[in-house]
Amino acid sequence: MSEPKPKSFAISKRAVWEAWLRVKANRGAAGVDEQSIAEFESDLSGNLYKLWNRLSSGSYMPPPVRAVEIPKRDGSPRVLGVPTVADRIAQTVACGYLEPGVEPVFHPDSYGYRPRRSALDAVGVCRERCWRKDWVLDMDIRAFFDSVPHDLVLKAVAHHTDQRWVLLYVERWLKAPLGREGGGLVARDRGTPQGSAISPLLANMFMHYAFDAWIAREHPAIQFERYCDDVIVHAPSEKQARDLRAVIASRLAECGP
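Residues numbered from 1 in each chain as written. Predicted model: local features only at pLDDT ≥ 70, side-chain atom pairs only at ≥ 80, totals over all residues. Heavy atoms only, no water.

**Q** What am I meant to see in the pairing of strand E1 (residues 65–71) here?
**A** A regular strand carries its side chains on alternate faces of the sheet. With two bridges joining them, E1 and strand E4 (residues 178–179) adopt parallel strand pairing. Bridge pairing in E4 links Val65 to Leu178. (Pairing = 2+ DSSP bridges. Helix = DSSP H or I, 4+ residues; strand = E, 2+ residues; numbered from the N terminus.)

Right under this line is the structure:
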């Protein structure tokens with residue numbers, strides 16, 4: 001009897017199982033295949049084995065991400081990307097391998113989508129600093145999740161992992177098209193869909209190098225709080241606030257979001 005063919009990538013079955021538990025706990029809508037979490041669970045062992053097998057062999061190809069429009073506060077639409085249940089599990093597996101290596105590197109004033117950190121933590125620190133410095137820049141990067149440059153995200157991922165499969169699948173997730181309501185696919189050459197399981201980590205990795213590490217290096221006396229693409233920067237004077245606004249705008253334009 002022949003030996004089973006070795007897998008291209010060493011991905012543990014336990015990692016897939018734990019990713020499933022997280023996806024199930026988070027619930028969420030069906031993707032383009034219209035398969036609900038309950039329907040995925042009806043053949044759980046078979047579906048998880050199939051996913052693990054494809055991930056481990058390098059043959060996993062992410063399906064399109066279902067585009068869902070929700071209104072912003074100003075009434076304009078925000079497009080969320082809803083992956084299939086299986087794809088959310090696959091992305092969560094990759095996060096489980098990638099996040100432990102990057103989390104210790106992240107700046108202490110980065111609060112969004114990180115373990116044991118919240119928006120309230122950022123607000124509390126911001127409030128204290130506002131008593132000491134009178135001026136703030138309140139920044140929100142327009143269409144951030146739609147405009148993140150793929151090449152810089154992949155460069156950041158490659159810097160933090162030696163797992164070839166993580167980089168392979170991150171690139172495939174970044175390029176997966178959006179499936180519009182009523183049919184039709186929209187190709188993507190930039191951005192990472194807001195709503196997918198791996199997007200928050202990728203967004204934080206990009207912003208760490210585009211903003212956090214840069215301002216800590218070039219302007220070490222400047223304090224800030226960042227929650228993904230929302231940033232508060234503190235300044236002691238109006239002139240310094242205006243100067244910071246100019247150099248930060250130049251830096252972000254250079255990085256491309």
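**Q** I tried to follow the sheet that holds strand E7 (residues 230–235) on my own but got confused; where do I start?
**A** Remark on secondary structure: sheet strands pair via backbone hydrogen bonds, oriented parallel or antiparallel. Pairing within the open sheet is antiparallel, and its three strands lie in the order E3-E7-E6. Each edge of the open sheet is held by one strand with a lone partner, namely strand E3 (135–140) and strand E6 (224–227). Neighbouring strand axes in the sheet, compared pairwise and without regard to direction, differ in orientation by 10° on average. Strand direction decides the pairing type here: E3 and E7, joined by six bridges, are antiparallel. Across the sheet, Trp135 pairs through a bridge with Ala235, a residue of E7. Sheet strands in contact with helix H9 (residues 199–218) are E3, E6 and E7, and its direction is about 175° off that of E6. Helix-sheet contacts for helix H10 (residues 238–255) involve E3 and E7, and the interaxial angle to E3 is about 25°. (Axes fitted to C-alpha atoms, helices over the stretch in contact; angles between N-to-C directions. Contact = heavy atoms within 4.5 Å.)

**Q** Which parts of the structure should I look at to understand the state of the cysteines?
**A** Under the definition given, this model contains zero disulfides. We note that Cys130 lacks a disulfide partner, and the nearest cysteine sulfur, in Cys126, lies 4.0 Å from it. Cysteine Cys228 is unpaired, with the sulfur of Cys95 as its nearest cysteine sulfur at 13 Å. Judged by relative accessible area, which is 1%, Cys228 ranks as buried. (Disulfide = S-S within 2.5 Å. Buried < 20%, exposed > 50% of the residue type's maximum accessible area, 1.4 Å probe, protein only.)

**Q** Please clarify how the environment of Gly195 should be interpreted in this entry.
**A** Tracing the sequence through the fold places Gly195 in the loop between strand E5 (185–186) and H9. It is 24 Å that separates the C-alpha atoms of Gly195 and Arg14, two residues lying 181 residues apart in sequence. Those residues within four positions of Gly195 in sequence are excluded, and the remaining contacts are Gly81 and Pro83.

**Q** Which parts of the structure should I look at to understand the pattern of salt bridges?
**A** Any two side chains of opposite charge can pair if their charged atoms end up close together. Counted according to the given criterion, the structure contains eleven salt bridges. Note that Asp109 and Arg129 form a salt bridge whose closest N and O atoms lie 3.3 Å from each other. Taken as a pair, Asp109 in the loop between helix H4 (85–102) and helix H5 (119–130) and Arg129 in helix H5 lie far apart in primary sequence, 20 residues in all. For the pair shown, Asp109 and Arg129 are each scored as buried. Close ionic contact of Arg226 with Asp212 constitutes a salt bridge, the shortest N to O distance being 2.8 Å. Placement of Arg226 in strand E6 and of Asp212 in helix H9 is noted, with a sequence separation of 14 residues between them. For the residue pair Arg226 and Asp212, the accessibility class agrees, reading buried in each case. One connected set of salt bridges, linked through shared partners, spans Asp109, Arg129 and Glu225. (Salt bridge = Lys/Arg side-chain N within 4 Å of Asp/Glu carboxyl O.)

**Q** What should I look at first to understand the sheet that holds strand E2 (residues 77–82) in this one?
**A** Strand order in this open sheet of four strands is E2-E1-E4-E5, and the pairing throughout is mixed. The sheet terminates laterally at E2 and E5, the two strands that pair on one side only. Pairing geometry for E1 and E2, over six bridges, is antiparallel. Each residue of the ladder has a partner; that of Pro71, found in E2, is Pro77.

**Q** For this particular structure, what's the right way to read helix H3 (residues 44–57)?
**A** An α-helical turn contains 3.6 residues, so a residue and the one three or four places further along point in the same direction. Look at H3: 20 Å from first C-alpha to last across 14 residues, which is about the 20 Å you get at 1.5 Å a residue. Leu44, Asn47, Leu48, Leu51, Trp52, Leu55 and Ser56 are the residues of H3 that are buried. With its buried residues spanning 155° around the axis, H3 presents them on a single face. Looking at the packing, one finds that the buried side of H3 touches helix H1 (13–26), helix H2 (37–41), H4 and helix H8 (164–175). Taken from the residues just after H3, Gly58 is the one with a positive phi, measuring 85°. (Expected span 1.5 Å × (residues − 1). Arc of directions from axis to C-beta.)

Purely geometric numbers; function is a separate question.
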